[in-house]
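# A structural walkthrough
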Amino acid sequence: MRERIDCDVAIVGGGIVGGSAALFLRQAGLSVTLLERDWCGAKASGVNFGGVRRQGRPLEQLALSQRAHAIWGRLPELIGTDAEYVRSGHLKLARSEADLASLVAYRERSRGFGLDLEIIEGEAFRRRWPALGERAVGGSLCPEDGHANPRLVSPAFARAAAALGAVVREQTAIERVEKDGGRFVLLAKRELAAGELEVRARVLLNTAGAWSRRVADAFGEAVPLESLHPNMAVTEPLPRFLDVNIGVEGGGVYGRQVLRGNMVVGGGRGFALDPDRARPQRDAVLTLMRDAAELFPQLRHAHVIRCWTGVEGYTPDRNPVIGPSRTTPGLYHAFGFSGAGFQIGPAVGQTLAELVTAGETAMPLEAFRIDRFPPAPPDNP
Amino acid sequence: MGRRIERGGVVVTAELPTAKLPTAELPPVIVGAGPAGIRAAERLVAAGLRPVVVDEAARWGGQIYRQPPEAGGPGGGFTRPKSALYGFEAGKADAVHRAMAAIRDRVDYRPRTLAWNCEAGALDLLCDGESLVQPFSRLILATGATDRVLPFPGWTLPGVFTLGGSQVALKFQGCAVGRRVAFLGTGPLLYLVAYQYLKAGVEVAGVFDTTPFAVQARAMAGMLRDPSTLAKGLLFVGWLRAHGVPVHNGVRPLRAEGTERVEALAWRYADGREHRVSCDAVAFGLGLRSETQLADLAGCRFRFDAADRAWLPERDGAGRSSVAGVYLAGDGGGIAGADAAELAGERAAFALLEDLGRPVDAARVRELDRRLGGIATFRRSLNAAFPFPADWAATVADDTMICRCEGVTAGALRGVARSGQAREINRAKALTRTGMGRCQGRMCGATAAELLAQALGTGPDGVGRLRAQPPIKPLPVAATPSPLAGARSGREVA
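Every value quoted in this text rests on a predicted model; they were computed, and no experiment measured them.

Within chain B, the secondary structure is distributed over 14 helices and 25 strands. In chain B, the proportion of contacts linking residues at least 24 apart, taken out of those at least 6 apart, comes to 65%. Accessible surface, chain B as shown: approximately 19,500 Å² in total, 53% of it carbon and sulfur.

Rendered as structure tokens:
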């Protein structure tokens, strides 16, 4: 038996981008069907580090990032939970004068976007963050950046969309997608019920994260997207010593302490078990523990209770693909966030909704065109 | 094999790159030095191999035959004869201990060592604060079991222990968990530990078995196939009664009462009559659950086992898992008890030898297979005699703590199930934090699955299983062997 759904917009992928697009499209009154192969927000959107950070992004992302900042500010009203979101500040540490100089340069370049970056160094830095000791010469603080619990935020967007009437189908994997005249036709396999699901829609959003190549390929848009796996670990709860979300200029370890006291740290890469699953890698775990203990001596006598990773889609230039298809009218892509999609995700969803309802957006998307890459060979999963 | 390297005054532990060692030259690795691990090692040694035996404890014997600390060593200084420590099992305990002692110089024995990860044909071992990569081509997992804990109101009060924990206190620390102890739950261990406590001179406030007497009596018929075990079981009960210990059947715990620590256990019979017994400790457990995390990380395929109400790594009759070169023996692959563990350990070693193309004693293999088959039959009867209290999930109160590490109640779990947010256990974990704390779901995972299944109107096989993630137990941040990180063996990053 085949179930048929006819709607305005079909969305493939129920992460934070697909979920928020569904929510904003429902707010605009369109009929929406959201298809998720796993559970909504269970992949990269739900297992990432949880940094809600504008600081450090390429300038071309900052308009979207500012738009997202406003959405994060009204989370409870939008999705019914604050999801442990706190505007704790994001502090990017400089371990050398050269790193500090590049933080200063970033502050200058990003002026006008409203990040309100503050460079703090020397004695003032040590007075303000005695817990960070002598391991940094200074840092750049973005006072209104923060962090949140991705496990709670990302599923909540799809749930809020469903509450507004979106049809949300989890455990439903797309088997075929094509355009039949003016309509997209999606054939999906339902894990929770017998038979197939056929969705017909005027518009199709490809928000399938690391698996977005499958849809893009189906419409002749080969994109060089690779899967990478951030390595993360969490300690047992510790006395509070850190109130800001920490990054390090030039990369390396990052960390935040949650309200319960657990320290969440990240750095290095896990490895793929298969295209769908990944696991932390032993060397990365041990290196991360060493680097984290060096940066946060408070961790020296703590235990790591869990390590994890996820599957994220990366593009060669580390900017996402966002915007209309160049081959197929009615198809829009948003994927390839290259490890930095969490904060910006809800604004991307809102922008996609604008593109669908108004046909245009004030957001600058030129840097995110899908046809900016040299042609790549098609994906053969 | 590990080696120590000194660089710039820093001692680090490294390993020979796996790729350069022909895998056939790697010694077999056994995780666990209980009855299964020891009998496996014994058989491999007899075949001329030198296995690595990794064990978390300071001395061999496993949980059931745990030895007290060595005299003169840390925590040593009390001596009790094996007859007092192991009761009717003293002979078996002694035989297992002696078996290991006899091969001690022919195994690479690693006590006080935690296998915290399994990745790409190698274990990660933690010993004395150092992490070491131990490659293997053959791996026998004899990881044992822990108590299955079914929470009831007050179970997190100081003074409430698991049956296994109470036994460890007695055998390893030479102390009791209280002066007057109530024993609650079901399963053979319930009577065994009560017996051991009484023998050690502790007052036993009573044995409170959740299984109705009629059910147990019916099931005894099946156990007649193994009269020695039946006799032993009856001996415990008879001995306890003869020493004035009240034995109650068909009991449901109401709550552990007390302010600073447990002062009484309130319980009722199925007909609703409520009772209260004063005690300063409660030892409770409802059977055992297998420690399967390493098998999961090793990539073994799992199946739901209705008898154990648990997801277990698949194994054939000889102990082969779904992963070539990985074998399972003893309670870690499914609960069957210590006698079966000894047989299964030896059988798994034979399977390993067969797979290496070595000659094996076919008559002995047939004998092991025959006896393991008999034990399987007996276990079915035992499961009938000590059934899982199937009404637990439906009756546990909303405010009862399920996940102790993260403070998650039964009500919170039911909430995500009934609102449609969680239809399987990993999703419930993500939304509620159940299983995210220090125990990583080793203690609470099974009960959370029972609750979720009940709330969703399905069986415990219908909500999936918690995925294992390293480290399988908390790993000290300071364990990092820093200078050589990155030069280690491992899989390429994708």
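A word on the pairing of strand E6 (residues 138-142) of chain A. Residues and elements named next belong to chain A. By the criterion of burial, E6 is predominantly enclosed, with 5 of the 5 residues buried. Sheet analysis places strand E4 (residues 90-94) next to E6, joined by 5 bridges and oriented antiparallel. Among the inter-strand pairings, Leu 93 is bridged to a residue of E6, identified as Gly 139.

With that settled, the discussion passes to unusual backbone geometry. All names here are of chain B. Cis rather than trans, the peptide bond between Pro 470 and Pro 471 has omega equal to -5°. As for its position among the elements, Pro 471 is in the loop between helix H14 (445-456) and strand E25 (475-476). Phi is positive for Ala 120, which is not a glycine, with a value near 50°. Residue position: Ala 120 is located in the loop between strand E6 (113-119) and strand E7 (122-127). At Arg 309, a residue that is not glycine, the phi angle is positive and equals roughly 50°.

Moving on, we come to the domain arrangement of chain B. All names here are of chain B. Per the domain assignment, the segments making up chain B are domain 1 (2-146 + 289-358), domain 2 (149-286) and domain 3 (392-462). The centre of domain 2, based on its C-alpha atoms, is set 26 Å off from the matching centre of domain 3. With 7 residues of domain 2 at the contact, the number on the domain 3 side is 7 residues. Taking both partners together, domain 2 and domain 3 bury about 680 Å²; carbon and sulfur atoms supply 72% of that area. Among the residues domain 2 hides against domain 3, the three largest losses belong to Leu 150, Pro 151 and Trp 155. Together they make up 63% of the total. Across the contact surface, domain 2 and domain 3 share 0 salt bridges. On inspection of domain 2 and its partner domain 3, the count reaches 2 residue pairs in polar contact (both at pLDDT 80 or more). Tallied by class, residues from the side of domain 2 that touches domain 3 come to 6 nonpolar, 1 polar and no charged.

Attention shifts here to the packing of aromatic side chains. Geometry of an aromatic ring pair is reported as the spacing of the ring centres plus the angle between the planes. Enumeration over the complete set of coordinates arrives at 16 aromatic pairs over all chains. Measuring from ring centre to ring centre gives 6.5 Å for Trp 155 of chain B and Phe 284 of chain B, while their planes differ by 70°; the resulting arrangement is edge-to-face. Remark: Phe 284 of chain B occurs in strand E18 (residues 281-286) and Trp 155 of chain B occurs in the loop between strand E10 (145-147) and strand E11 (160-162); sequence separation between them is 129 residues. A relative accessible area of 8% places Trp 155 of chain B in the buried class. One aromatic cluster is present, formed by Trp 72, Tyr 85 and Phe 342 of chain A through successive ring pairs. Over the aromatic face of Phe 49 of chain A sits the side chain of Arg 256 of chain A, whose NZ or CZ is 5.5 Å from the ring centroid. For the cation-ring pair, Arg 306 of chain A lies above Trp 308 of chain A, with the distance from its terminal atom to the ring centre recorded as 5.2 Å.

Chain B puts 45 residues into the contact, and the matching count from chain A is 42 residues. Taking both sides of the interface into account, the surface hidden between chain B and chain A amounts to around 3,700 Å²; carbon and sulfur atoms contribute 55%. Between chain B and chain A we count 4 salt bridges in total. A salt bridge links Arg 260 of chain A to Glu 406 of chain B; its shortest N-O distance comes to 2.8 Å. If you look at where chain B meets chain A, you find 16 residue pairs in polar contact (both at pLDDT 80 or more). Going through the elements one at a time, E6, E7, strand E8 (130-135), helix H8 (293-297), helix H13 (425-432) and E25 of chain B are the ones with two or more residues in the side of chain B that touches chain A. Classifying every residue of the side of chain B that touches chain A by side-chain character gives 21 nonpolar, 11 polar and 13 charged. Looking at chain direction, strand E19 (residues 303-308) of chain A and E25 of chain B are connected through 2 bridges and run antiparallel. Bridged to Val 304 of chain A within E25 of chain B is Leu 475 of chain B.

Reading guide: rules and limits
- Residues numbered from 1 in each chain as written.
- Chains lettered and ligands numbered in written order.
- Predicted model: local features only at pLDDT ≥ 70, side-chain atom pairs only at ≥ 80, totals over all residues.
- Heavy atoms only, no water.
- Helix = DSSP H or I, 4+ residues; strand = E, 2+ residues; numbered from the N terminus.
- Contact = heavy atoms within 4.5 Å.
- Areas by Shrake-Rupley, 256 points an atom, 1.4 Å probe, with all protein chains shown as cover.
- Buried < 20%, exposed > 50% of the residue type's maximum accessible area, 1.4 Å probe, protein only.
- Pairing = 2+ DSSP bridges.
- Domains from an automatic or database assignment.
- Buried area = accessible area lost by both parts, 1.4 Å probe.
- Salt bridge = Lys/Arg side-chain N within 4 Å of Asp/Glu carboxyl O.
- Polar contact = N/O pair within 3.5 Å; in protein donor to acceptor, adjacent residues only side chain to side chain.
- Nonpolar A, V, L, I, M, F, W, Y, C, P; charged D, E, K, R; others polar.
- Phe/Tyr/Trp six-rings, centres within 6.5 Å; stacked < 30°, edge-to-face > 60°.
- Lys NZ or Arg CZ within 6 Å of the ring centre and 35° of its normal.

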